Amino acid sequence: MSGKERFVRHWKDSSLTTSAPGVQILDLVASNYPSKNSIRSSLVIIGQGSTFRPKEFSGEAFYYFLSGNGILVWHHDNTDLSYIIDNDTYAWLPGAHRHSFENTGEGPMRCFVVICQTNDSYKMRDGSVKKLDLLKPTGRKLADSFYGFEIQGTRRLLGGGYQLFSPGKAQNDHSHDEEIVYLVRGEGKLVVGSTEFELTAGSAALTPKSIKHRLINTGHDMFGYIVLEFGQECKP
């Protein structure tokens, strides 16, 4: 991976792998890969009538569905439970919990996925499935907004949400724990030190811990992105 791709990568520039017929996985940015503390992101595209069955692993996975309709079958509480999936549905699931996503809609399902390794075990009832409400009246205005994810019980995922910046908005330089963002709409820049990275819809970006950075909306539309922050492993 080049120095630039360490921080930013668009899914169109990503390597393609296929885990099953009708399923495409496009690798995006990653941290510390392939170490046991790695954080990896990808865009998963599930074709009509196809099923995505992630491999079990020691850690936790976050899913955000950008488009499509289908069903999540999640094995917990000693049974297989089914959940409706559509756009703006998000979930965090322990990697050791067997689960699958079936596309029952009329077009492809597109999902932003981030997985991180952990050493801890998870309880039977760990994990959750929820949906953001982006259709509130305030969400229709061309103004800054933030919709937080309701996440509890994770070991490394500290939190996150869907952030919207209005045209011309620029963050101040700041730093925090490790962060991954995925740009859903608009265009802008990620500034890390004296280096600028162009971002367009479909770009993922990684900012390492304690590295000063800022995001800038350079377009005429909203700059909308998914943001997730990760820390050291801890007990919930």
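In this text, all values refer to a predicted model and were calculated from it rather than measured experimentally.

Caption draft 1: Main features of the overall build of the protein. The secondary structure content of the protein amounts to one helix and 20 strands. Expected size for 236 residues packed as a compact globule is a radius of gyration near 18 Å; at 17 Å, the protein falls within 12% of this value. Summarising its shape, the C-alpha atoms of the protein cover approximately 50 × 40 × 35 Å along the three principal directions. Out of the 236 residues in the protein, the part that is buried amounts to 52%. Excluding contacts between residues fewer than 6 apart, the proportion of contacts in the protein whose partners are at least 24 apart in sequence is 71%.

Caption draft 2: Just the pairing of strand β8 (residues 79–85), in detail. Pairing geometry for strand β7 (residues 70–76) and β8, over seven bridges, is antiparallel. Bridged to I71 within β8 is I84. Counted along the chain from β7 to the antiparallel partner β8, the turn is two residues long, and its residue D77 has a positive phi close to 55°.

Caption draft 3: Representation of the sheet that holds β8. Pairing is antiparallel across the open sheet formed by four strands, whose spatial order is β5-β10-β7-β8. The open sheet is flanked by β5 (51–52) and β8, the only strands paired with a single partner.

Cut-offs applied
Residues numbered from 1 in each chain as written. Predicted model: local features only at pLDDT ≥ 70, side-chain atom pairs only at ≥ 80, totals over all residues. Heavy atoms only, no water. Helix = DSSP H or I, 4+ residues; strand = E, 2+ residues; numbered from the N terminus. Rg over C-alpha atoms; globule rule 2.2 N^0.38 Å. Buried < 20%, exposed > 50% of the residue type's maximum accessible area, 1.4 Å probe, protein only. Contact = heavy atoms within 4.5 Å. Pairing = 2+ DSSP bridges.

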